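Per-entry structural report
The lines below spell out each chain.
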Amino acid sequence: MELNVQEVKVLGECDPETYPIQKQSLSVPYLREQVHLRPRTDSMATVLRLRDKVARYFHEFYEEQDFLHVHSPILTGNDCEGGGDVFRVLPGSSTLPPTPDRNLHSHPSTEPTEFFGKSSYLTVSSQLHLEALASALNRVYTISPTFRAEASQTNRHLSEFYMLEAEMCFTQDLNSVMDVVEASIKHVLRRLAGPTGMLDELKDLRRSQAGASSSPSEETQWWDCIEKPWPRMTYTEAIQALSTPTSPVQWGDSLSSEQEKELARRAGGPIFITDYPTSLKPFYMRANPATELHGPTVACFDLLVPSVAELVGGSVREERLAELEASMKAHGLPAEELGWYLDLRRYGSVPHGGFGVGFERFVSWISGVDNIRECVAFPRWTGRMLG
C-alpha cells in the first residue's frame, strides 16, 4: 500500500526502538510478560473480538428462550462445590465498620478479622444463588467471574475465569437440560459461522496457532459439528469403552482429561457423558434410582469436546429436602452453613436443573488457542498476576 501523505499529526508518541511489541515473531511466554500491551497483537485482538461475539450470541439465545439475565454475588459465605479451593476475603484494614453486635469502644486488637462477621470467600460458582432466583423467576442465567485457588499449572486452569451458568425450573429430565446446552452452543456456532460471524478470521487464527497447539491436525473442526446430533452415553458405558485388558479402567475412577479427549475424538466431536458415580460429584445433584449394578449414581452430565475435554457440567438438582440433607451429611457439609439453601426446599421446591459453561474453555475450543491463558486479556494463575 502506498499513501500520498499531505500532513501527519502524531497523537501519541511511541519509540520504535524500545516498544516491546515489535513486528516480528514473539513467543507466548514473552507476550505474557507484556500482558498490558498484548491486546495490540493480531491474535489477542481476534480472541477478544471472539469473546465479545460469543457473549452476545449466548445472550441472544437465552433471551429467545425466556431466560432472565441476572447478577449473582461475587462474595459468598459458602463453598458451592465443597472442594475447599476458595479465596478467603479479609479487609485490608484492621478497622472494621460498626455493627449492632460490635462494641464500638473495643480496642482495635480485639476486633474480629471478618468484615461480614463470618468467613467470606470469592465465589467458585453462582449455582446456589441462581437456584434461589430460579425458584422465583423460573429460568435464569448469568455470565460472571468465578475464582478457584487451585495450584494447577495446566493449560485448562485459571484462578480467575468466567462461567456461563443457567438454572431452570420444572424439569426432572436430564435430557431436557442437555437439550438446552446443545441448542445454546449450536446457536453460537451457527452465528460465528454465519455471514455476520468471523469464521474466516478464526480459521486464520487456527492456522497461526497450528505450530504451537498440541491438538491433532486430523481432529474434527467445530464448524463440522453444528448440524449433527451430539451423542450421549453413560459413565458406565464410557468406562467400558475406555477399558482394555492391558489398561483397565475401574468403575468409580475419575476420567482423566486425556480419557475425556479420547472419548470426544472417537465421537468425532462433542459428546455428553451422563450418570456419574455419586462419589465423584457435588452434594446438590439428584440421586438416581438405585440399581444392582455397580454403585449409586447421580443425574448429571459433562459435555466433552475435542482438544479441551470437559466444557460443560450440569445436573438435575436434588429438590427433595430429606435427600438433600442426607447428601450434605454424607459430603461432610454442616447444614447450618447452608440453611438458606435448605430453605429453598423447605418452602416450596420444584424439580429443576442447570449447568455451567467454562467461557475461556469455550473460546479455546473455538479459536484453536491451546492454552486458556491466551483466551483472556489479563490471566491470573498461581504465582502470577501481571497487570
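Just above, that's the structure.
Residues numbered from 1 in each chain as written. Predicted model: local features only at pLDDT ≥ 70, side-chain atom pairs only at ≥ 80, totals over all residues. Heavy atoms only, no water.

Quick look at the sheet that holds strand E7 (residues 271–274)
Selection rule: Should DSSP find at least two bridges between two strands, the strands are taken to pair. By the criteria applied, helices consist of DSSP H or I runs no shorter than four residues and strands consist of E runs no shorter than two, each listed in order from the N terminus.
If you walk across this open sheet you meet the 8 strands as E1-E4-E5-E10-E9-E8-E7-E6, and the pairing is mixed. Among the strands making up the open sheet, the edge pair consists of strand E1 (68–69) and strand E6 (232–234). Sheet topology note: the strand E9 (residues 309–316)/strand E10 (residues 352–358) ladder contains 5 bridges and is antiparallel. Within E10, the residue paired with Val-316 across the bridge is Gly-353.

Here's the deal with the pattern of salt bridges
Note the threshold: Here, a salt bridge means any Lys or Arg side-chain nitrogen found within 4 Å of an Asp or Glu carboxyl oxygen.
Counted by the stated rule, this structure contains 24 salt bridges. With a closest N to O distance of 2.8 Å, Asp-179 and Arg-232 form a salt bridge. Of the two residues, Asp-179 sits in helix H4 (residues 174–193) while Arg-232 sits in strand E6, which places them 53 residues apart along the sequence. A salt bridge links Asp-302 to Lys-281; its shortest N-O distance comes to 3.2 Å.

What about the environment of Val-308?
So the rule is basically this: Throughout, a residue-residue contact means that at least one pair of heavy atoms, one from each residue, lies within 4.5 Å.
Looking at where Val-308 falls in the secondary structure, it is placed in the loop between strand E8 (300–305) and E9. When sequence neighbours within four positions are dropped, the list of residues in contact with Val-308 reads Arg-156, Lys-261, Arg-361, Ser-364 and Trp-365.

Quick look at empty space enclosed by the protein
Put simply, the rule reads: Grid points spaced at 1 Å and placed over the protein atoms alone form the basis of the search, with a cavity being a set where a 1.4 Å probe fits but cannot get out and a pocket an open set showing protein on both sides within 12 Å along at least five of seven lines. Lining residues have an atom within 4 Å of a point. Grid points are joined across faces, edges and corners, and a volume is the space filled by probe spheres set on the points.
The tally for this structure, following the rule as stated, stands at 4 cavities of 30 Å³ or more. Roughly 80 Å³ of volume is contained in the largest cavity. Together, Glu-131, Ser-135, Cys-169, Leu-344, Arg-345, Gly-348, Ser-349, Val-350 and His-352 line the largest cavity. Contributing elements (two or more residues each) for the lining of the largest cavity: helix H3 (127–137) and helix H9 (339–346). Volume-wise, the second largest cavity comes out at about 50 Å³. Around the second largest cavity, the lining residues are Arg-32, Val-35, Pro-379, Trp-381, Arg-384, Met-385 and Leu-386.

Side note on unusual backbone geometry
Residues other than glycine predominantly adopt negative phi, and peptide bonds predominantly adopt the trans conformation. Condition: Only protein chains enter the accessibility calculation, which uses a 1.4 Å probe. A residue is then buried if its area is under 20% of the maximum for its type, exposed if over 50%, and partly exposed in between.
At Asp-66, a residue that is not glycine, the phi angle is positive and equals roughly 65°. Along the chain, the position of Asp-66 falls in the loop between helix H2 (42–64) and E1. With phi around 80°, Asn-138 is a residue other than glycine that occupies positive phi space. Assignment of secondary structure puts Asn-138 in the loop between H3 and strand E4 (139–147). The exposure class assigned to Asn-138 is partly exposed, which follows from its relative accessible area of 32%.

None of the figures reported here should be taken as evidence of function without further support.
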